[in-house]
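Structural overview
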Number of protein chains: 2
Amino acid sequence: MSQSGFAAAPKPPYYAVIFASQRADGGQDYGATADRMVEIAPTMPGFIGVESARGVDGFGITVCYWQDEASIRGWKAQADHRAAQERGKAAWYQHYELRVARVERAYSGPEGR
Amino acid sequence: MSQSGFAAAPKPPYYAVIFASQRADGGQDYGATADRMVEIAPTMPGFIGVESARGVDGFGITVCYWQDEASIRGWKAQADHRAAQERGKAAWYQHYELRVARVERAYSGPEGR
C-alpha cells in the first residue's frame with residue numbers, strides 16, 4: 001500500500017540522503033526549482049522515493065532514498081541538480097546538514113487501521 | 001558552531017532513526033507528550049541530537065541521532081517512550097514509517113556566511 005507523502009521502499013538495505021535545512025529569506029526561484037528537482041529525481045537510476053516536510057519556521061527535512069551509493073553519486077552530478085545545489089548554497093539556505101546513511105531496517109504502522 | 005534546529009553530531013559513523021509520520025485528527029495529548037519526549041531523549045545514553053519538521057498538512061519527519069544500536073534499543077525500551085509509542089499507534093498517527101540507518105558521511109553548508 002502506498003501512502004501519500006511516504007516513500008514506498010523495498011526491504012533494506014538501501015540508502016537515505018537526509019537533508020535538513022533552514023531557509024533564508026528571499027530566493028523567489030526556490031519553489032519552481034524545488035518542484036523541478038522532485039520531478040527529475042524519480043527519473044534517475046536507483047531512485048526509490050522521497051519524503052519531505054517543512055514547518056512554518058522555515059526549517060525543513062527532506063529524505064531521499066536510493067538503491068546504492070552509485071545512484072546517489074549519479075543524482076549529485078546531474079546537471080540541473082548541480083545548478084540547484086549552487087543556488088541553494090548562494091541564496092536559499094541559511095544552513096544545511098546533509099547526511100548519507102545506509103538503512104538497516106524499517107518498520108511501519110499503524111497496522112490494521 | 002551549533003545552529004538552531006540542527007543536531008550537532010560527531011564525525012560518522014553514528015546512527016539515525018528516521019521517523020516520517022502523518023498525524024491523525026484529534027489526539028489532544030500529542031503536543032504535551034511530544035514535548036516531554038524531546039526533554040527525556042537527551043538524557044538517554046548515546047543520544048546525539050534531533051531534527052524535526054512538520055508541515056501544515058500534518059506530514060512530519062523527525063530524525064533522531066544516536067551513537068550506536070545499543071542506545072537506540074535503550075530509548076525504544078524507555079518506559080515513558082514506550083507509553084508514547086502505544087498512544088502514537090492508537091491515536092496520533094494515520095501512518096508512519098520508521099527507518100534505522102547508519103550515517104556514513106556528512107556535510108554542511110553554506111560555508112562562510
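Calculation rules
Residues numbered from 1 in each chain as written. Chains lettered and ligands numbered in written order. Predicted model: local features only at pLDDT ≥ 70, side-chain atom pairs only at ≥ 80, totals over all residues. Heavy atoms only, no water. Salt bridge = Lys/Arg side-chain N within 4 Å of Asp/Glu carboxyl O. Helix = DSSP H or I, 4+ residues; strand = E, 2+ residues; numbered from the N terminus. Buried < 20%, exposed > 50% of the residue type's maximum accessible area, 1.4 Å probe, protein only. Least-squares fit on C-alpha atoms with pLDDT ≥ 70 in both. Contact = heavy atoms within 4.5 Å. Axes fitted to C-alpha atoms, helices over the stretch in contact; angles between N-to-C directions. Parallel < 35°, antiparallel > 145°, perpendicular 65-115°, else oblique. Nonpolar A, V, L, I, M, F, W, Y, C, P; charged D, E, K, R; others polar. Pairing = 2+ DSSP bridges. Core = buried A, V, L, I, M, F, W, Y, C linked by side-chain atoms within 4.5 Å. Buried area = accessible area lost by both parts, 1.4 Å probe. Polar contact = N/O pair within 3.5 Å; in protein donor to acceptor, adjacent residues only side chain to side chain. Expected span 1.5 Å × (residues − 1). Arc of directions from axis to C-beta.

The next subject is the pattern of salt bridges. Taken as a whole and judged by the stated rule, the model has ten salt bridges over all chains. Of the charged contacts in the structure, one is a salt bridge between Arg36 of chain A and Asp80 of chain A, with a shortest N-O distance of 3.0 Å. Note that Arg36 of chain A is positioned in helix α1 (residues 30-40) and Asp80 of chain A in helix α3 (residues 79-92), a separation of 44 residues in sequence. Looking at Arg36 of chain A, the relative accessible area reads 41%, which means it is partly exposed. In this structure, Glu69 of chain B engages Arg105 of chain A in a salt bridge whose closest nitrogen and oxygen atoms are separated by 2.8 Å. With Glu69 of chain B in helix α2 (residues 69-77) and Arg105 of chain A in strand β4 (residues 93-109), this pair bridges two chains.

Here chain B sits on chain A after a turn of 180° about the axis and a move of 0.0 Å along it, with an RMSD of 0.0 Å. On the angle and the small slide along the axis, the relation comes out as a two-fold axis. In this assembly the copies share their binding face: 100% of the residues contributing to the interface of chain B also contribute to that of chain A.

This brings us to the packing of helix α2 (residues 69-77) of chain A against α3 of chain A. A pair of packed helices is captured by two measures, namely the crossing angle of their axes and the spacing between those axes. Residue and element names in this part refer to chain A. Put simply, α2 and α3 touch, their axes get as near as 5 Å, and they point 70° apart. Between α2 and α3, the angle is such that the two are roughly perpendicular. Between α2 and α3, the contacting residues are Trp75, Lys76 and Ala77 on the first element and Ala79, His81, Arg82 and Gln85 on the second. For the contact of α2 with α3, the residue count by class is three nonpolar, two polar and two charged.

Attention now goes to the pairing of strand β4 (residues 93-109) of chain B. Along any regular strand, the residues point their side chains to alternate faces of the sheet. Direction of pairing for β4 of chain A relative to β4 of chain B: antiparallel, over a ladder of 13 bridges. The residue bridging Arg102 of chain A from the neighbouring strand is Arg102 of chain B, located in β4 of chain B. The pairing of strand β1 (residues 14-23) of chain B with β4 of chain B spans ten bridges and is classified as antiparallel. Bridge pairing in β4 of chain B places Gln22 of chain B opposite His95 of chain B.

It is worth spelling out the nonpolar core at this point. Ranked by internal contacts, the top residues of the largest apolar core, which has 28 residues, are Ile18 and Ile61 of chain A together with Ile18 and Ile61 of chain B. Of all the secondary-structure elements, those providing two or more residues to this core are β1 (14-23), β2 (47-54), β3 (59-66) and β4 of chain A together with β1, β2 (47-54), β3 (59-66) and β4 of chain B. If we skip the residues at most four places from it in the chain, Ile61 of chain A touches Ile18, Phe19, Ala20, Glu51, Ser52 and Ala53 of chain A together with Glu51, Ser52, Ala53, Ile61 and Val63 of chain B.

Many authors give the size of an interface as the accessible area that is lost as the parts come together. On the side of chain A, 47 residues touch chain B, which itself brings 47 residues to the contact. Interface area, chain B with chain A, both sides summed: about 4,000 Å², of which 57% is carbon and sulfur. Its largest share of buried area at the contact with chain A, chain B owes to Phe6, Arg99 and Arg105 of chain B, together 17% of the area lost on that side. In this assembly, chain B and chain A are joined by four salt bridges. The partner of Glu51 of chain A in a salt bridge is Arg99 of chain B, and the shortest N-O contact between them spans 3.0 Å. On the surface where chain B and chain A come into contact, there are 21 residue pairs in polar contact (both at pLDDT 80 or more). Tallying contributions element by element places β4 of chain B first for the side of chain B that touches chain A, with 17 residues. A class-by-class count of the residues in the side of chain B that touches chain A yields 25 nonpolar, twelve polar and ten charged.

The next subject is helix α3 (residues 79-92) of chain B. Residue and element names in this part refer to chain B. If you check α3, its first and last C-alpha atoms are 18 Å apart, about what 14 residues at 1.5 Å a residue would give, namely 20 Å. Looking at α3, one finds that the buried residues are His81, Ala84, Gly88, Ala91 and Trp92. Projected down its long axis, α3 shows its buried positions confined to an angular sector of 115°, all on one face. Projecting away from the buried face of α3 at angles above 90 degrees are the exposed residues Ala79, Arg82, Glu86 and Ala90.

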